[in-house]
Amino acid sequence: MTSTLTNVLVTGGAGFIGSNFVRYAIGAHPDWHVTTLDKLTYAGRRENLHDVMDNARHTFVHGDICDAPVAGPLVEAADIVVHFAAETHVDRSILAAGDFIRTDVEGTFVLLEAARRNPKLRRFVQISTDEVYGSVAEGSSRETDELRPRNPYSASKAGADRLAYSYWATHEVPVIVTRASNNYGPYQFPEKVIPLFVTNLIEGIQVPLYGDGGNVRDWLHVLDHCRALDLLIHQGQSGEVYNIGGGNEVKNVDLTHQLIRLLGKDESFIRRVEDRKGHDRRYSVSTEKLRAMGWQPQVPFEQGLADTVRWYRENEWWWRPVKERDAEYRAYIEQQYGGRRAH
Ligand code: NAD
Ligand code: TYD
């Protein structure tokens, strides 16, 4: 780390969005040195950073954001912190929420305390989620709307979101909070719906569609997310919240049909299973505030989805070992949802 470079700390940089952001940041900013801090949980993998691991402008630190002696000095040395690290899967938070509270809330607290001690910190990006608004029957959530999280994941994220804001309001830590919609793209762990369904279809296995399949998610390509974060790091205002949405609201059943078409399969590959507990029906964010700053998504959904499917087809080396290692969890989920048909 040389002092002429901007020191950017990325927590959770070995996960899905974090690794895409690290790769994007190193490419887009020749004057940045990126340090990844990641605990390498089941979701974090060195493989996600394989092509930047040895880059001279990248340092990888294997550590826990809850571990103040490890995380603190890294935050104190940073000019910019982009905080992705979290437990992120709703289904897992329904099974056991402890790690969500520890990492998403307590871990964020550890980072914010260290941020207070860093007078040269220019930006602390709290990566929150559109899920903090809860299920939205009509219209789109604005940044000023009430938060009504409905599952342990979104509640832990809402806690972190407001805790980060409080460190701006109380201690003037230069926090911005971003609330992105569902991301998709390469390197997403095959527990989330798109990579799970794509890899199942490649393997010739049925896909478990929860409930009536009418739940709606707004899909955002991960690179459009990275570009929005870049803009906000530079032009966001401390203390502000920014929604980031792809503008692609799709019912799960329609998404499933699109994937089946792309993979050359048929309806018989859909298995209707019991619904997720407390399943949020719809998320939708207004992105007016961000668009007024000049951002708009660049990746059309059809193209992004086709590219993503191709990536999983071409990178079996990446997902096959993960699915094998994760077989125990999937068997458990299968038992929870699989045995009981929805209809
Ligand atoms: P992910 O599960 O793929 O990756 C999470 C990363 O955090 C992993 O590398 C994991 O090892 C690391 N991590 C977990 N606990 C840690 C700890 N205690 N210390 C250090 N590292 C730890 O998640 P993702 O989908 O890339 O999401 C990244 C962030 O974006 C999260 O904060 C999530 O809430 C938010 N987000 C995700 C989406 C989405 O659609 N995936 C949408 C909006 C917001
Ligand atoms: P997911 O990828 O888990 O993201 P989130 O719950 O954070 O939005 O799920 C996306 C949608 O897909 C959600 O409505 C639940 C649904 N889903 C299924 O129907 N089957 C599955 O096996 C999974 C994992 C999700």
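Everything quoted here is computed from the prediction, not taken from an experiment.

**Concerning the site of ligand 1**
- As a structural note, the neighbourhood of ligand 1 is formed by 28 residues, with Ile17, Asp38, Thr88, Tyr153 and Lys157 the closest of them.
- For ligand 1, an oxygen atom lies 2.5 Å from a polar atom in the side chain of Asp38.
- One nitrogen or oxygen atom from the main chain of Leu40 is found 3.5 Å from an oxygen atom belonging to ligand 1.
- Protein coverage of the free-state accessible area of ligand 1, which is 830 Å², stands at 97%.
- Among the secondary structure elements, those contributing two or more residues to the shell around ligand 1 are helix H1 (16-28), strand S5 (123-129) and helix H5 (152-171).
- At three residues, S5 tops the list of elements feeding residues into the shell around ligand 1.
- Tallied by class, residues from the shell around ligand 1 come to 12 nonpolar, 12 polar and four charged.

**A closer look at unusual backbone geometry**
- Positive phi, close to 55 degrees, is recorded for Leu40, a residue that is not glycine.
- Position of Leu40 among the secondary structure elements: in the loop between strand S2 (32-38) and strand S3 (58-62).
- On the basis of relative accessible area, Leu40 is assigned to the partly exposed category, the value being 22%.
- For Glu172, which is not a glycine, the phi torsion comes out positive at approximately 60 degrees.
- You can see Glu172 is positioned in the loop between H5 and strand S6 (175-180).

**Some words on the domain arrangement of the chain**
- Domain parsing of the chain yields domain 1 (6-182 + 221-244) and domain 2 (184-217 + 248-278 + 299-337).
- Measuring from the centre of the C-alpha atoms in domain 1 to the corresponding centre in domain 2 gives 25 Å.
- Interface area for domain 1 against domain 2, summed over the two sides, is near 2300 Å², with a carbon-plus-sulfur share of 52%.
- Of all residues in domain 1, Phe16, Arg45 and His221 bury the most surface against domain 2, accounting for 27% of the area lost on that side.
- Taken together, the links from domain 1 to domain 2 amount to two salt bridges.
- At the level of secondary structure, the elements contributing two or more residues to the side of domain 1 that touches domain 2 comprise H1, helix H3 (90-95) and helix H7 (222-235).

**Structural notes on the packing of aromatic side chains**
- The full count for this structure, using the stated rule, is 11 aromatic pairs.
- Plain terms: the ring middles of Tyr312 and Trp318 are 6.2 Å apart, the flat faces sit at 70 degrees to each other, and that makes the pair edge-to-face.
- The structure contains a cluster of three or more aromatic residues connected by ring pairs, namely Tyr187, Trp311, Tyr312 and Trp318.
- Residue placement shows Arg45 over the ring face of Trp318; its charged tip is 4.9 Å from the ring centre.
- Above the ring of Tyr242, the side-chain terminus of Lys289 is found at 4.7 Å from the ring centroid.

Rules and cut-offs
Residues numbered from 1 in each chain as written. Chains lettered and ligands numbered in written order. Predicted model: local features only at pLDDT ≥ 70, side-chain atom pairs only at ≥ 80, totals over all residues. Heavy atoms only, no water. Near = heavy atom within 4 Å. Polar contact = N/O pair within 3.5 Å; in protein donor to acceptor, adjacent residues only side chain to side chain. Areas by Shrake-Rupley, 256 points an atom, 1.4 Å probe, with all protein chains shown as cover. Helix = DSSP H or I, 4+ residues; strand = E, 2+ residues; numbered from the N terminus. Nonpolar A, V, L, I, M, F, W, Y, C, P; charged D, E, K, R; others polar. Buried < 20%, exposed > 50% of the residue type's maximum accessible area, 1.4 Å probe, protein only. Domains from an automatic or database assignment. Buried area = accessible area lost by both parts, 1.4 Å probe. Salt bridge = Lys/Arg side-chain N within 4 Å of Asp/Glu carboxyl O. Phe/Tyr/Trp six-rings, centres within 6.5 Å; stacked < 30°, edge-to-face > 60°. Lys NZ or Arg CZ within 6 Å of the ring centre and 35° of its normal.

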